[in-house]
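Spelled out, the chains give:
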Amino acid sequence: MMNTLFRPILIFSLVVFLVSCKNARPTNLAAESLIPKPVSVTATGKAFELSASTVLVLDDEYKMLGDSISAAAGVSLKFEQEGTYKSAIYLKIDSAVAELGREGYELTIEPASIIVRAIDRAGLFYGTQTLLQLLTRPRVDNTLQIPTGTIRDFPNYSWRGSMLDVSRHFFSVADVKRYIDLISHYKMNVLHLHLTDDQGWRIEIKSWPNLAVHGGTTQVGGGKGGYYTQEDYKSIVAHAAQRNVVIVPEIDMPSHINSALAAYGSINNPDTRFPKDGAYAGPVETRGIMDGNNKPTDLYTGMDVGWSTLSLARPSTLQFVNDVIRELAEITPGPYFHIGGDEAHVTKKEDYIKFINHFSEIVKANNKQMIGWEEISQANIDGNSIAQHWASEEHAKAAAAKGAKIIMSPSKKVYLDMQYDSTTRIGLHWAAYIEVDDCYNWDPATRVQGITRDNIMGIEAPVWTETIVNMADIEYMAFPRLIGVAEIGWTPTEARTWDEYKVRLGKHAPHLQKLGIDFYRSPKVNWE
Ligand code: TNX
């Protein structure tokens, strides 16, 4: 009797129990594999259930962030006005979190609400990126169960960047925008565009049109190259700005300049000799605009460096430099202008110094701060300049001694064009083979003796593209190393170790997959 009476109740309770077991998955915010690792995470052990009925409450200007949440969740969430909801995600500018700084944020997850608070849109952007990573998880009963708790977070260094060489190989506006999307998701805030080099001039200069029209027509290996119109460049800058990324344009001078010498005979150095690898692009249909009997050089499609130079003896040279810096500065809202300055092997030292001093004045006259590769420390630089360390500790120390700030890009650690090991299908290895642990396991503040935390603005990982020809190549070389560099820039040094990071990175793999990245599956990591 009892048996039959209670059987349905028993079965019902069993079903309820099983369903609730499924819903009550153990949930621990502190165990999430977030990259970069946040400054502080406090878990409260419950779950927020994101479903189709969750609403977004935010100001119109942050709609893009709301859309990114919908996209990551895989449901189109409704936007609602401020109010009380059963399940809502709020993005709020809130002066109460001022101590976290402009890029800092607080992310509070409770069973009925998720709130991102920041004092600036930069912080709201970064808080949202953290939330997007939390959304990569399997659905349970058509909901995403986000563990509850509070994350308070802010960056270690103010300069967290990557450089993309669009000269050796040209990359489309769409590729550059995708790269911005990816680096900014990992909280990097600088994209340095290496716009010119011997092999290609990639930015329209209206007063010297042939620079791009002719100087942009090839690339390493002889492909068709390309260039950005000023409108293209502005659209890249705008895309970046929405993601808290500042674009730093680089015109590499006085060496690495053949694409300009090929466009205008008037600035050609009559002594220009091509390197022995002899990779001429010619014969070419369009010779540069001829100036008297000054012949332009041929285009160059090889990989040698340091053999071309501007000439102070040519009266047009400084006019060219002035015009290029002025036009590019005008369409660059960010405060920086990179003048290159590296590997000027055929420029006489006294001329090199004069060049850098000229560049410095011209950049200043255009209201920008000059950045150059570390060799610029040989010139009269001061605390207004920034030197980018890549190879020579002596040059970098000399720059710091003159008061310049330093960007750390040591080639043996963060050159993302270096091969992972001898079997990597693309890439170079002149600096080192750089495995994922080599790239992660160092500290910018102790890397060069005599350059301390106070001298350092931050860290930047260059992607040189002699052997990198398309977006898939960029992603394979940059990932996963770049996200480790992003963590070096963001996370406090004492809070990170390779042994802990490698576990988190392995568990982060589904998120990289969700971003559509074909990353290098390093054998040093157990990939999920
Ligand atoms: C060195 S790094 C260069 C670049 C090359 C790169 C290749 C630097 C300032 N100069 O011109 O593309 O090596 O790894």
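Residue positions are given per chain, counting from 1 as you read along its sequence in written order. Since the coordinates come from a predicted model, pLDDT governs what is reported: local features require at least 70, and pairs of side-chain atoms require 80 or more to be given and counted, while whole-chain, interface and lining totals use all residues. The side-chain values count all of the structure's non-hydrogen atoms but skip hydrogen atoms and water molecules.

Chemist: What's the story with the nonpolar core in this structure? I'm lost.
Modeler: Residue types Ala, Val, Leu, Ile, Met, Phe, Trp, Tyr and Cys, when buried and joined through side-chain atoms within 4.5 Å, form a set referred to as a nonpolar core. For every residue, the accessible area (1.4 Å probe, protein chains only) is compared with the maximum for its type, and the residue is labelled buried under 20%, exposed over 50%, or partly exposed between those bounds. Of all hydrophobic cores here, the largest spans 110 residues; its most connected members are Trp-201 and Phe-320. Segments assigned H or I by DSSP are reported as helices when at least four residues long, segments assigned E as strands when at least two residues long, and all are numbered from the N terminus. Here this core gets six residues from one element, more than from any other, and that element is helix 9 (residues 349–365).

Chemist: For this particular structure, what's the right way to read the site of the ligand?
Modeler: The cutoff for a nearby residue is simple: one of its non-hydrogen atoms must lie within 4 Å of the molecule or strand. Near the ligand lie 14 residues; those nearest to it are Arg-168, Tyr-415, Asp-417, Trp-430 and Glu-466. Here a polar contact means two N or O atoms within 3.5 Å. Within protein one must be a hydrogen donor candidate and the other an acceptor candidate, and residues neighboring in sequence count only if both atoms are side-chain atoms. In the environment of the ligand, a nitrogen atom lies 3.1 Å from a nitrogen or oxygen atom belonging to the side chain of Glu-343. What sets the accessible areas is the Shrake-Rupley method with a 1.4 Å probe; for residues, cover comes only from the shown protein chains. In isolation the ligand has 370 Å² of accessible area, and contact with the protein removes 97% of it.

Chemist: Just to check I follow, could you spell out the sheet that holds strand 2 (residues 55–57) for this structure?
Modeler: Where strands meet in a sheet, backbone hydrogen bonds hold them as pairs that are either parallel or antiparallel. Two strands make a pair as long as DSSP finds a minimum of two bridges between them. Strand order in the open sheet made by the seven strands is 1-7-5-6-4-2-3, with mixed pairing throughout. Edge strands, defined here as strands with exactly one partner in the open sheet, are strand 1 (40–50) and strand 3 (78–79). Relative to strand 7 (residues 144–153), strand 1 is paired through eight bridges, and the arrangement is antiparallel. Counterpart to Val-41 in the pairing with strand 7 is Ile-151.

Chemist: Would you take a moment to explain the pairing of strand 8 (residues 159–165) for this structure?
Modeler: Across the seven residues that make up strand 8, a large majority, seven, are buried. Side chains Trp-159, Gly-161, Met-163 and Asp-165 project from strand 8 onto one buried face, and the interleaved Arg-160, Ser-162 and Leu-164 project onto a second face that is buried too. Of the strand pairs in this sheet, strand 8 and strand 17 (residues 456–463) are connected by six bridges, and their pairing is parallel. Following the sheet pairing, Ser-162 is matched in strand 17 by Ala-461. As defined by bridge partners, strand 8 adjoins strand 9 (residues 190–194) across five bridges and the pair is classed as parallel. When the sheet's bridge partners are listed, Leu-164 is paired in strand 9 with Leu-193. With the strands pointing away from the viewer, any crossover whose connection runs clockwise from the first strand over the helix to the second is right-handed. Read as a crossover between parallel neighbours, the route from strand 8 over helix 4 (residues 173–185) to strand 9 is right-handed.

Chemist: Looking at this model, I keep getting lost on the packing of aromatic side chains. Mind explaining?
Modeler: How two aromatic rings sit relative to each other is set out by the distance from centre to centre and by the angle between their planes. Pairing of aromatic rings covers Phe, Tyr and Trp, the last through its six-membered ring, and needs centres within 6.5 Å; plane angles under 30 degrees mean stacked, over 60 mean edge-to-face, and all others mean tilted. This model, assessed by the stated rule, comprises 21 aromatic pairs. Between Tyr-420 and Tyr-476, the aromatic rings sit 5.9 Å apart at their centres with planes inclined by 80°, giving edge-to-face as the arrangement. Residue Tyr-420 is located in the loop between helix 11 (411–414) and helix 12 (436–440), and its partner Tyr-476 is located in helix 14 (residues 471–478); the two are separated by 56 residues in the primary sequence. Of the two residues, Tyr-420 and Tyr-476, neither departs from the other in class, the shared state being buried. Ring centres of Trp-498 and Tyr-501 lie 6.1 Å apart, and the angle between their planes is 50°; on these two criteria the pair is classed as tilted. On the criterion of helical spacing, the pair formed by Trp-498 and Tyr-501 is a turn pair, its members being three residues apart in helix 16 (residues 498–514). By the ring-pair criterion, three or more aromatic residues cluster together here, those being Trp-373, Trp-390, Tyr-415, Trp-430 and Trp-464. Comment: the charge-over-ring label is applied if NZ (Lys) or CZ (Arg) is within 6 Å of the ring centre and within 35 degrees of the ring normal. One cation-aromatic arrangement involves Arg-453 over Tyr-157; the distance from NZ or CZ to the ring centre is 4.0 Å.

Chemist: I would appreciate a short explanation of the confidence of the model for the protein in the present structure.
Modeler: For residues with low pLDDT, the predicted coordinates do not support detailed interpretation. Of all residues in the protein, 92% have pLDDT values of 70 or greater, and the mean over the chain is 93. Across the protein, the element-wise mean pLDDT spans from 49 in helix 1 (residues 2–23) up to 99 in strand 9. Per-residue pLDDT stays below 50 along residues 15–24; that stretch engages in six contacts with residues further than four places along the chain or on separate chains. pLDDT runs from 0 to 100 and stands for how confident the predictor is about each residue. For this analysis, residues touch if any pair of their heavy atoms sits within 4.5 Å. Counting contacts from residues 281–293, a segment whose pLDDT is below 50, to residues more than four positions away or on other chains yields 23 contacts.

Chemist: Sorry, what's going on with helix 4 here?
Modeler: Because an α-helix packs 3.6 residues into every turn, residues spaced three or four apart end up facing the same way. By this rule the span expected of a helix is its residue count minus one, scaled by 1.5 Å. Between its first and last C-alpha, helix 4 extends 18 Å over 13 residues, near the 18 Å set by a 1.5 Å rise per residue. Listed in full, the buried residues belonging to helix 4 are Val-176, Tyr-179, Ile-180, Leu-182, Ile-183, Ser-184 and His-185. At the exit of helix 4 stands Lys-187, carrying a positive phi of roughly 70°.

Chemist: Please clarify how helix 2 (residues 63–73) should be interpreted in this entry.
Modeler: Along helix 2, the positions that sit buried rather than exposed are Leu-65, Gly-66, Ile-69, Ser-70, Ala-72 and Ala-73. Along the axis of helix 2, the buried positions cluster into a sector of 170°, meaning they face one direction only. One or two residues past the end of helix 2 sits Gly-74, with phi positive at roughly 80°. Read the arc as the range of directions from the helix axis to the C-beta atoms.

Chemist: Help me understand the side chain of Thr-491 in this model?
Modeler: The topology assignment puts Thr-491 in the loop between helix 15 (481–490) and helix 16. Note on Thr-491: relative accessible area 0%, which makes it buried. Contacts of Thr-491, omitting those with residues within four sequence positions, involve Pro-36, Lys-37, Asn-156 and Arg-496.

Chemist: Before we go on, may I ask you to explain the domain arrangement of the protein in this structure?
Modeler: One widely used convention gives an interface's size as the accessible area the parts lose upon coming together. Its domain assignment divides the protein into domain 1 (4–153) and domain 2 (159–514). What counts as a domain boundary in this text is fixed by an automatic or database domain assignment. Placing the centre of domain 1 and that of domain 2 at their C-alpha centroids yields a distance of 39 Å. Contacts between the two partners involve 24 residues from domain 1, matched on the other side by 26 residues from domain 2. Of the roughly 2,200 Å² buried between domain 1 and domain 2, counting both surfaces, carbon and sulfur atoms make up 56%. A simple way to read buried area is as the amount of 1.4 Å-probe accessible surface that goes missing from two parts once joined, with both sides added. Per-residue buried area on domain 1 facing domain 2 is highest for Ile-35, Pro-36 and Lys-37; these three make up 31% of the total on that side.

Chemist: Would you mind going over the sheet that holds strand 14 (residues 369–373) with me for this structure?
Modeler: With parallel pairing, eight strands are arranged side by side around a closed barrel as 8-9-12-13-14-15-16-17. Put simply, the sheet's adjacent strands are angled 30° from each other on average, direction ignored. In this sheet, strand 14 lies alongside strand 13 (residues 336–340) in parallel orientation, the contact comprising three bridges. Residue pairing in the sheet places Tyr-336 in a bridge with Gln-369 of strand 14. A fitted line through C-alpha atoms represents every axis, and for helices the fit uses only the stretch in contact; the resulting angles, taken between N-to-C directions, go from 0 to 180 degrees. Helix 6 (residues 230–242) rests against strand 9 and strand 12 (246–253) of the sheet, and its axis sits at about 140° to strand 12.

Chemist: How should the pattern of salt bridges be read in this particular structure?
Modeler: Oppositely charged side chains are able to pair whenever their charged atoms sit close together. By convention in these notes, a salt bridge is any Lys or Arg side-chain nitrogen within 4 Å of a carboxyl oxygen on Asp or Glu. Applying the stated rule across the entire model yields 25 salt bridges. The salt bridge involving Asp-67 is made with Lys-63; its shortest N-O contact spans 3.7 Å. Here the residue Asp-67 and the residue Lys-63 both occupy positions in helix 2, the gap between them amounting to four residues, near one helical turn. According to the relative accessible area criterion, Lys-63 is partly exposed, its value standing at 38%. A salt bridge links Arg-168 to Asp-197; the shortest N-O distance between them is 3.2 Å. Of the two residues, Arg-168 is situated in the loop between strand 8 and helix 4 and Asp-197 in strand 10 (residues 196–197); the sequence distance between them amounts to 29 residues. Exposure class is identical for Arg-168 and Asp-197. Each is buried. Salt bridges sharing common partners tie together Asp-94, Glu-99, Glu-106, Arg-117 and Arg-152.

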